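# Summary of the model geometry
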Amino acid sequence: MEESGPSRPATSNATGGDFPELLGFCSRAEALIAELLLLSDHVPPEFADRRFDSVLFDFRYLDSPGDFESRIEGNIELQVLEDQLRESCGSYMQRFFSLLDGAVTYHEELCNYLNELQEGLYVHCTLDHVLENNSACQLLVESMTLFGCMILLMEHKISGLLREKLLVAHLRSDRCFSYPNLERVCELCRQHVPTPAMPASSGSSPFSSDIISVQKPEDLLRRFPFPDPVVDAVITCLRNGDVYSSIRFYPDPQHRTTALSLQGGHLCVLLFYSNDLLHRGLAMREIIDRFFKDNWVVPIFLHFSVDLLVSWDAYKEAKLSLVSCLSLASIRDISLHHYTKVTHFLADLDIHIHAINKEYVLDNSLSLISVIRECNFTLRWLLLHRMTSDKKARDLIISIGSSQQVDEGNMLQLLLKTAKLEFEVKQLHVELLRTRESMWCEKRHGALECMKDLSQNYLGTWAASCKFKNKTLKDWLEHLSLELISLNYTSIGSCGRTIHRVLSTLKDIEMLHQIKDSVQIKQAFSKIQKNLHDMIKILNLNQEAINILSVITDAKYAWVYLTLFETLLKKNISQDPSETLYLHKVFLKFQSWLSAPLQRIKQCESPDLHSISMYYSSKYAAKIFAVLDIIPEILLKISTAVNHVNAEQPTHLVNRINQEALQELMQMDQQLCQARQAAKLCIISEGLANMSNNFDDLVNLNLGGWLKQVMKKELATQLERKLKCLSPFGDMEGNLNSLSKFLLSQMQRMEFLENILHIDGSSIWQETFTSVLEQCAKKEFLELMACMQKSSNAVKQLNNVYSPSTFYGNLLQHIVHLTNPSRSMFIEAMIGWFDEGGHELLGMRFFSHLELCVGQVGLACLDSLVHILIKHTMETTVKSLHTLVDAKLQEDLTKLDDLLGPPMSIPLMGWSSHKQMVKMLHSSWGPLVEKFATIGQLQLVRTLISFKLRSACKVKANTITSAVEVLLSSLHMQKGVIEVSDEDETVRFFLHNIKEQQSFCGLLSPLQIIYISEDPPMFLTRLLSLFSISQLSRYVLDVHLGNLTSPLKRSTADFSAVIIGLGAILQQFDSFYMSQYIQFMVQYIRTAEAAFNATAGTPKGSTSEVAPKAVFWLMSLCKYMDISRDVVESCLPASALAILQQ
């Protein structure tokens, strides 16, 4: 990570190379503070959970540990909580203990060093020597104040009770009660007892998390004191000197407190270490007059500040001295002074920003720096003191701002414009320094050309005045030209003197009578002088201006305002996307927040540099991304406004265009709208590119990956919102068409953004859409599982009381409702469900609309949900069959088997036995019909989904489909080898993936799938054959439809659904059961034929209609279950087949 500017004013020998010990202490202190801030941001939630209070103890545990341990040892619940705490928080507690130990060790070693420094044990330096050396003095001050800041921050960010609990929990977990530094570590963690009541003047502030307010801080800091002589010497040095040489950056005496603000922050901390200085009125008045006479909110580390109006309440002399300078009247005057300048600065900044270029910076460098200094001075005062903890002062400052019509919006504008000007001035200064020599030579060449042109074309041999000793002006100009030619850029001093002498001579010549009267000559002389002045300005360019800008533009104190201004920045960007062009300039203003805590660590070349820089970089990047979070929403909003040219007008097919229709076909309004929106997108893209390019050396933002991620998130939000709007009732096909248009427009938007933003829009769309559908299916799966736990018939719940909350839930409810077997009929030839009036309810057109809308992924997700419903229904059906076959029924079925004999025989009493058994089980057939019909209904739905998947994949992904088919064929040929290797996990994983791909491509026949792996119920085939016989009377054979239909207007389940459901149940078990069921049904058909033939002489009876229906029932089963017709035909008598053919 590169440091782009000094976080502290640059001084000679600033690296502290002669004092490596002090530099090491500063580096360690900054590392400890970074670790403290990191840990305070990630306190485990268990320590705030009341459930864990019984296993989290404060320091009372150390007085009688046995009593506390005895409570836990006999309680299993507490032991479980303790194990959970140790497992989830062990690493955090270890890091916290390491921080405490590091802080205690740091203090001990620093005190030893300071004592040795006092005693003169170091040959090369003493305390006086250190204080006299500016660099060493800085390091000494920082090594002490950083430790004090760490103690105050620890009390502020991690409360004393929490520290005690963390420490005790770690000691109990690691059993390290004999640790050498344990007593001092406990002292660091011990609760700090504040004064009983908070000051009346203090009030709640939105910045309370960044204003350090600790009651009696001197008591807290004196737990770890420093040697008094060293503290007094350092305070004296800070009181009287300019340790950081910063006054030179602020020449105006009114800016003195700002110039010494870093020094004043250190002094604030060290005063708490002093024994009596805060109670000495005269000394405090002197300190306040120099450091705090108009600043009482003082940053002590980064953006963490102390409010002296509150922190010094306990110190009477200090508070009196402060209030004498900062009465309410004084605060009112200071506030009014700064607020009145805001409007003036905003107008002034606009002028400079619009005029800024290299020439402008070269001509107005000092005035630009002065404007920037004044703006930052006002910004600093207003932003710091608007977050004061003193309620009266805060209300007064805010009310004065309101009276002057200056609010957060105005201050944000001042911050933005100041940052813009600072950035441009810095960049142009760097550019001027880089091209200084070439510019100087260019200016000299311009001056020489003007002199040559004057001497040859204008002046001629005009006589000069006596002052020039009768020489012609031409000779004088040639002489001056020679002087300019002889100049050497590297000799800055002599160059400057020569140029001044030439300028003086030119001014004298310009006063001649002949020159005054010639406008052209005067203009040429002005141009020469301008070039010469620019040469002097270029010679005066140096690094000092950049150093000044780096110091006066420091804004780490206002880091907290980035959160407050976040909403305003988002609003500005939303209203004007061009604001993104300047965002990088705003965030670069806060780069010192990132570089300041790393400066000493980097100088020390500490191995902690990487980890600490990663922490601060992550916080810095998080602030940036929080503001940029509005970008995806704006991008999609802008792309939505793009009026795509109407694709329904096929202008490329028009052979002749009438002049009257030309204007309409050109669609100029739509083209203009597109151009404007594209321009906005280009602006945002440029702003993001600026952000990425300017932060490359500071922090790794990875804006490309971030933009892809947030675009996915925003797109997913919009898709989820749209999918939830789908209703299961009404015109579902119309809703799907509307959804298809929306999804198509979203895809077009992403493609529109692809080239402008340099992102893979198509990939983002595909990945996001797939993810949203899968998440929606997963949510519906969880809801279905909950529904299944409540009811054994989830499909019935879908039809009645189920209120889906997902897209797939609505879709399933619609499909299940329209394909209800009791209210619809599936006609195979039409591939759809129809009502009794012959109107199509659901068919391939619906699934075509659905595939067009959600694609193959969406259909596959729907297929997986239907699979779950089928599996659940099958499990409940098999369970019902197990329950049905009780001991009595087993006995009756055994008698029936004995009576009927072998399947190929024709029993004498078979017809009456079948009728009797069917009648006896009459009450059981209704629930079975419903379950079989439900299974068949869902199986048919899956079949149509599979058909649509297969056809869509053949068209859109033919290569993949063909590859899967070839792979399946190869697996079928190697079936024996695969079965042998089935125990191998790799093989199982491979087969599972192949099955998923097979299902996705629609190559898996739903009617052949094994859904469950359970033992079959006893007498399954006999029971199902009796069920089949019982249902034959409910249907008639419709020769026109080629199907069995219900003759009455009663609620009779659709035959196709029932027969498929029955076949699916048989398909779950060994093929023996299917064969035996066919044999039993054939035996019944033969028995029915025999009974019919025996009564052939009688009038036509009902038995004559049974055989054809039974044969059709059996043939339909074979067709749907993919069983060879030869199996049935070989068992059936020719007469039965002949009747069916008639």
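Residues numbered from 1 in each chain as written. Predicted model: local features only at pLDDT ≥ 70, side-chain atom pairs only at ≥ 80, totals over all residues. Heavy atoms only, no water.

The name recorded for the protein chain in an unreviewed UniProt entry is WASH complex subunit strumpellin, from Digitaria exilis. You can read under Sequence similarities (unreviewed entry) in the UniProt record for the protein chain the words "Belongs to the strumpellin family." (UniProt positions renumbered as here; feature names shortened; annotations may be inferred.)

This next bit is on empty space enclosed by the protein. All told, the structure shown has eight cavities of 30 Å³ or more when counted by the stated rule. A volume near 80 Å³ is recorded for the second largest cavity. As for the second largest cavity, its lining consists of T257, L260, S261, G264, F291, F292, N295, V297, V298, P299, R380 and L384. Of all the elements in the fold, those that place two or more residues in the lining of the second largest cavity are α12 (261-271), α13 (281-292), β1 (297-301) and α18 (365-385). The leading source of residues in the lining of the second largest cavity is β1, at three residues. Residue composition of the lining of the second largest cavity, grouped by class: seven nonpolar, four polar and one charged. (1 Å grid on protein atoms, 1.4 Å probe; cavity = no way out; pocket = protein on both sides within 12 Å on 5 of 7 lines; lining within 4 Å. Points joined across faces, edges and corners; volume = space filled by probe spheres on them. Helix = DSSP H or I, 4+ residues; strand = E, 2+ residues; numbered from the N terminus. Nonpolar A, V, L, I, M, F, W, Y, C, P; charged D, E, K, R; others polar.)

Our next topic: helix α19 (residues 391-403). Counted at 1.5 Å a residue, the expected span for α19 with its 13 residues is 18 Å, and the 18 Å between its end C-alpha atoms agrees. Listing the buried residues of α19 in full gives A393, R394, L396, I397, I400 and G401. Angularly, the buried residues of α19 cover 165° about the axis, an arc narrow enough to put them on a single face. Facing away from the buried side of α19 by over 90 degrees, the exposed positions are K392, S402 and S403. Of the surrounding secondary structure, the elements contacted by the buried residues of α19 are α14 (308-311), α16 (328-355) and α18. Measuring from the side-chain oxygen of the N-cap residue of α19 to the backbone nitrogen of K392 gives 3.3 Å; that N-cap residue is D390. (Expected span 1.5 Å × (residues − 1). Buried < 20%, exposed > 50% of the residue type's maximum accessible area, 1.4 Å probe, protein only. Arc of directions from axis to C-beta. Contact = heavy atoms within 4.5 Å. Polar contact = N/O pair within 3.5 Å; in protein donor to acceptor, adjacent residues only side chain to side chain.)

What follows covers the nonpolar core. W312, Y616, Y620 and W1113 are the most contacted members of the largest nonpolar core, which has 366 residues in total. Ignoring any residue separated from it by four or fewer positions in sequence, one finds Y620 in contact with W559, F587, L588, F590, Q591, W593, L594, F695, L698 and V699. (Core = buried A, V, L, I, M, F, W, Y, C linked by side-chain atoms within 4.5 Å.)

Within the secondary structure, T806 is located in the loop between α39 (794-799) and α40 (807-818). Polar side-chain contacts of T806 include one of 2.5 Å to the side chain of E780. Polar side-chain contacts of T806 include one of 3.0 Å to the backbone nitrogen of G809.

Before going further, it helps to examine the pairing of strand β2 (residues 304-307). Covered by surrounding structure in β2 are F304 and V306 together with S305 and D307, the residues of both alternating faces. Here β1 runs beside β2; their pairing, made up of four bridges, is antiparallel. Considered in β2, the bridge of V298 is made with V306. What sits between the antiparallel neighbours β1 and β2 is a turn of two residues, in which L302 has the positive phi angle 50°. (Pairing = 2+ DSSP bridges.)

Once that is clear, we can look at the packing of aromatic side chains. Summed over the entire model, instances satisfying the criterion amount to 33 aromatic pairs. Centroid distance Y106 to F147: 5.8 Å. Interplanar angle 20°. Geometry classified as stacked. Taken together, the residues Y106 in helix α4 (residues 76-119) and F147 in helix α6 (residues 134-157) connect sequence positions 41 residues apart. An identical accessibility class is assigned to Y106 and F147; each is buried. With a centroid separation of 5.2 Å and an interplanar angle of 15°, the aromatic rings of F625 and W706 are classed as stacked. With F625 in helix α32 (residues 609-628) and W706 in helix α36 (residues 703-724), this residue pair connects regions lying 81 residues apart in the sequence. What makes W706 buried here is its relative accessible area of 9%. (Phe/Tyr/Trp six-rings, centres within 6.5 Å; stacked < 30°, edge-to-face > 60°.)

Moving on to the environment of M1081. Residue position: M1081 is located in helix α50 (residues 1071-1094). M1081 sits in the buried class, given a relative accessible area of 0%. Sequence separation of M1081 and P903 is 178 residues, and the distance between their C-alpha atoms is 8.7 Å.

Another point: the pattern of salt bridges. One pass over the full model with this rule turns up 44 salt bridges. Here E35 and R95 are joined by a salt bridge, their closest N and O atoms 2.8 Å apart. One end of the pair, E35, is in helix α1 (residues 20-41); the other, R95, is in helix α4, and 60 residues separate them in sequence. The class for R95 is partly exposed, based on a relative accessible area of 40%. (Salt bridge = Lys/Arg side-chain N within 4 Å of Asp/Glu carboxyl O.)

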